[in-house]
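Remarks on the overall topology
The lines below spell out each chain.
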Amino acid sequence: MNTPAVPIDRAALPALFAPRADDSHKGSFGTLGVVGGGPGMTGAALLAARAALKTGAGKVLVGFVQETLPLPCDPLQPELMLRDFRSLLEEDWGVTAWVAGCGIGTGALAANALSELFVLRRHAPLVLDADGLNLLARGEIRPTWGAGPVVLTPHPAEAARLLGVGTDTIQRDRPGAARQLAQRFQAWVVLKGAGTVVCAPDGGLHVNTTGNPGLATAGTGDVLAGMLGALIAQKLPLDQAVLGAVWLHGAAADALVAEGIGPIGLTAGELADAARALRNKG
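1. Notes on the nonpolar core
- With 59 residues, the main nonpolar core has Leu32, Val34, Val60, Val198, Trp247 and Leu271 as its most contacted residues.
- Among the elements of the structure, strand S2 (31–36), helix H1 (42–54), strand S3 (59–64), strand S5 (97–100), strand S8 (188–191), helix H8 (220–233), helix H9 (238–258) and helix H10 (271–281) are those that each provide at least two residues to this core.
- It is H9 that provides the largest number of residues to this core, a total of 11 residues.
- One finds Val65, Leu88, Leu162 and Ala187 within the second-largest nonpolar core, a separate group that totals 42 residues.

2. Quick notes on the sheet that holds strand S6 (residues 126–128)
- Taken together, the 10 strands give an open sheet; going across it, the order is S1-S10-S9-S8-S7-S6-S5-S2-S3-S4, and neighbouring strands pair in mixed fashion. In this open sheet, the two strands that pair with only one neighbour each are strand S1 (6–7) and strand S4 (81–84).
- Bridge count for S1 against strand S10 (residues 205–207) is 2 bridges, and the pairing is parallel. The residue of S10 that forms the bridge with Val6 is His206.
- Here H9 sits on the sheet in contact with strand S7 (150–152), S8, strand S9 (197–199) and S10, set at roughly 10° to S8.

3. Quick notes on the packing of H9 against H10
- At a minimum axis distance of 8 Å, the contact between H9 and H10 shows a crossing angle of 100°. Judged by the inter-axis angle, H9 sits roughly perpendicular to H10. In this structure, H9 uses Leu248, His249, Ala251, Ala252, Ala253 and Leu256 to contact H10, whose residues at the interface are Leu271, Ala274, Ala275, Leu278 and Arg279.
- Residues that form the contact of H9 with H10 fall into these classes: 9 nonpolar, 1 polar and 1 charged.

4. Observations concerning unusual backbone geometry
- Cis geometry is adopted by the peptide bond preceding Pro263, which originates at Gly262 and carries an omega value of 10°.
- Among the structural elements, Pro263 can be located in the loop between H9 and H10.
- Positioned with a positive phi, Ala130 is a non-glycine residue whose angle comes to about 55°.
- Mapped onto the elements, Ala130 comes out in the loop between S6 and helix H4 (131–137).
- According to the relative accessible area criterion, Ala130 is buried, its value standing at 15%.
- Positive phi values are uncommon outside glycine, yet Lys235 reaches one of about 65°.

Rules of the game
Residues numbered from 1 in each chain as written. Predicted model: local features only at pLDDT ≥ 70, side-chain atom pairs only at ≥ 80, totals over all residues. Heavy atoms only, no water. Core = buried A, V, L, I, M, F, W, Y, C linked by side-chain atoms within 4.5 Å. Buried < 20%, exposed > 50% of the residue type's maximum accessible area, 1.4 Å probe, protein only. Helix = DSSP H or I, 4+ residues; strand = E, 2+ residues; numbered from the N terminus. Pairing = 2+ DSSP bridges. Contact = heavy atoms within 4.5 Å. Axes fitted to C-alpha atoms, helices over the stretch in contact; angles between N-to-C directions. Parallel < 35°, antiparallel > 145°, perpendicular 65-115°, else oblique. Nonpolar A, V, L, I, M, F, W, Y, C, P; charged D, E, K, R; others polar.

This is the structure we're talking about:
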C-alpha cells in the first residue's frame, strides 16, 4: 500500500540553514552549469543562473544553446560566466551540478545539446526542466542518465506529456503521477503546482505547504530550477537539497507577499533576493 505524502518540514532541513565556515572560499560551494536559453528565451537561463548565485552557489556558468553568444555578460549579474553551450560542455570547468532545459527550445540544436550533456556530465547531478522535459516526452532525447542522480521538474502539463495522459488525470492524483514518473525515469520528481509534490526514486513522497498564487507567473519555474541546482552543487545531502529548494522557493514568495509585494504582480526575478534573506536569517 502506498504511504501518504509527508509535509516538508522546515525543521528537517538543517543543511539549508547551516552557517558557513570562516575559511570558506568559492570552491567550497560548488560550480553550477546551466544549459538553456535558446533563441528568444535567453532570460530563462539567466533567471535560473541568477537564482543559483543568490541561493549560494560558489560559481555559475551559463551555456546558451544558440549559434552565437547572445550577450557578452549579464548586466544585472556580471558574476555569471556566459559561454556557448559547446565550450561549456567540452571543457572541464569542475561543474558539481547541472541545470538543463530552461528556455532551451525543442529544435535539433536543443536535442543535440542535451544528448551531449547526458554523455559528458560525468557524475555530476542533473536537474532537467522545461523544454528538456518536452523533448524527453517526444522521444527526441533518451533518458540515458548515466551516473549521478537526476531531478525532473515538470508542471502538470509536462507531467501529462511524459506519462501520455491528460493534464486532468495528473491533477486528480498528483502523488500517484509523481510516483509513476519517479519509477519510470528512476529520478527525483518535483511535480510543480499548488502543493508541489516531491517523489524520491524509491517512491517516498513529500508535499510542500509554502507558496501562494504569486508564483503563478512566467519564470518562477526557472528560478526553482536554479535553486535546486545551487543547493545540489553545494553538496547538501540530496534529499535536503531537493526538499529545501522547493520549501525555500515557496517561502520566498510568502515572505514577499507578507511585505506587500504580491501576490498580484510578483515577478520571478524578485524571488532570489527573498530566498537569500531566508537562508541567512536561518
